[in-house]
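Spelled out, the chains give:
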Amino acid sequence: MKHLRLIVQACFAALTNGYVRGFVEGKIYSGPLKQLCVPGLNCYSCPGALGACPIGALQAVLGSRGRQFSFYAIGFLVAVGALCGRFVCGWLCPFGLFQELVHKIPFPKKLKKLPGDKFLRALKYIVLVLFVVILPLTVVNIVGIGDPWFCKYICPSGMLFGGIPLTILDEGIRSAAGMLFAWKFFILAVVILLSIVVYRPFCRYLCPLGAIYGLFNPVALLRYEVDSDKCIDCGKCKKSCPMDIDLHKEPGSKLCVRCGKCKKNCPTGAIYNPVLAAMHKHAGHTKNPSV
Amino acid sequence: MTRRKAWIAPALLLVGIGMMIYGAMDGEAEIVLRKAATICLECIGVG
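Reference entry: report on the structure contained in this document.

Cut-off values and rules
- Residues numbered from 1 in each chain as written.
- Chains lettered and ligands numbered in written order.
- Predicted model: local features only at pLDDT ≥ 70, side-chain atom pairs only at ≥ 80, totals over all residues.
- Heavy atoms only, no water.
- Disulfide = S-S within 2.5 Å.
- Buried < 20%, exposed > 50% of the residue type's maximum accessible area, 1.4 Å probe, protein only.
- 1 Å grid on protein atoms, 1.4 Å probe; cavity = no way out; pocket = protein on both sides within 12 Å on 5 of 7 lines; lining within 4 Å.
- Points joined across faces, edges and corners; volume = space filled by probe spheres on them.
- Helix = DSSP H or I, 4+ residues; strand = E, 2+ residues; numbered from the N terminus.
- Nonpolar A, V, L, I, M, F, W, Y, C, P; charged D, E, K, R; others polar.

Here we look at the state of the cysteines
1) Next: The tally for this structure, following the rule as stated, stands at one disulfide over all chains.
2) Next: The disulfide partner of Cys40(B) is Cys43(B), and the S-S distance across this bridge is 2.2 Å. What sets the handedness of the Cys40(B) and Cys43(B) disulfide is the S-S torsion sign, and at about 75 degrees it is right-handed.
3) Next: Between Cys259(A), a cysteine without a disulfide, and Cys241(A), which holds the nearest cysteine sulfur, the sulfur-to-sulfur distance is 6.0 Å.
4) Next: The class of Cys259(A) is buried, set by a relative accessible area of 17%.
5) Next: Between Cys266(A), a cysteine without a disulfide, and Cys234(A), which holds the nearest cysteine sulfur, the sulfur-to-sulfur distance is 6.3 Å.
6) Next: Relative accessible area serves as the criterion here: at 16%, Cys266(A) is assigned to the buried category.

Printed below as a string of structure tokens:
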């Protein structure tokens, strides 16, 4: 189906941010569902959010008194990563969807990557280790509680889905917004401007959640593999890839968000998901499944 | 290659689910709920 991914992205974003009352009253949902993590970078302070952001949840536990490790948040990330890797980024993350929509704005010269791409791609691992793990664990206040450093100083998703709606809707929050708000607004503005030129710059260079899920890409159940007997080395997979991945050389690339464009454009059907292909074969179908 | 990898994802999935259950029983879900159920001022650039 054409636009299947866009429909799934929009429906999932609406489903996990379906607390309409929050948008009307300038409040957030505080029921029991909030202890469950959602797979994407979805700020729990978004007025509509029904679940918790896994990166926020990880920092909340690491920053709490007497905790050095989060079995709950890391277990969630391992389970989701093993199941689908960065498929989450391509299909289920609302901030990924936002960047894709911004990228549709016309611009004279779109780039597949920024200069210094190799170095910039390593930034997300630095953000993960430093801002999500080390700083919340080690920089603590007098009662032993650490700040969620990534959420506080970097996360543009929190600004977009939480900060902006709440400052519009709540007079008290609006009057409390100062330098930190301006800094986070600046980061969001940079991400938006870059998204016009480059496809998903935040996912590519900064997202700690994408960094974690990317590690699972080579082994996840929803992974890609290339049938070397069918591959004719035509390069159409790389040409069609918005993340500029040479999939026939690196099917388990940590950057791949499983958008499916390479698979769709492969003239010989060499790209396949081994699990889905086996299920189809078992069910007696001969054609490759679409995801 | 595929056959060699086939067991890794299910094994990791089980480990992840086990860790989640252990963490939830150890009170971590409550910590997450406490944080997520109130407006996170740091997240929205105010605190």
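Notes on the layout of surface pockets
1) Next: If you add up the space inside the second largest pocket, you get close to 330 Å³.
2) Next: In terms of lining, the second largest pocket is formed by 14 residues, of which the most central are Ala60(A), Gly63(A), Ser64(A), Ile145(A) and Lys35(B).
3) Next: Going through the elements one at a time, α3 (54-62) of chain A together with α3 (28-36) of chain B are the ones with two or more residues in the lining of the second largest pocket.
4) Next: Here the lining of the second largest pocket takes three residues from α3(B), the largest share from any one element.
5) Next: Class assignment for the residues of the lining of the second largest pocket results in four nonpolar, five polar and five charged.

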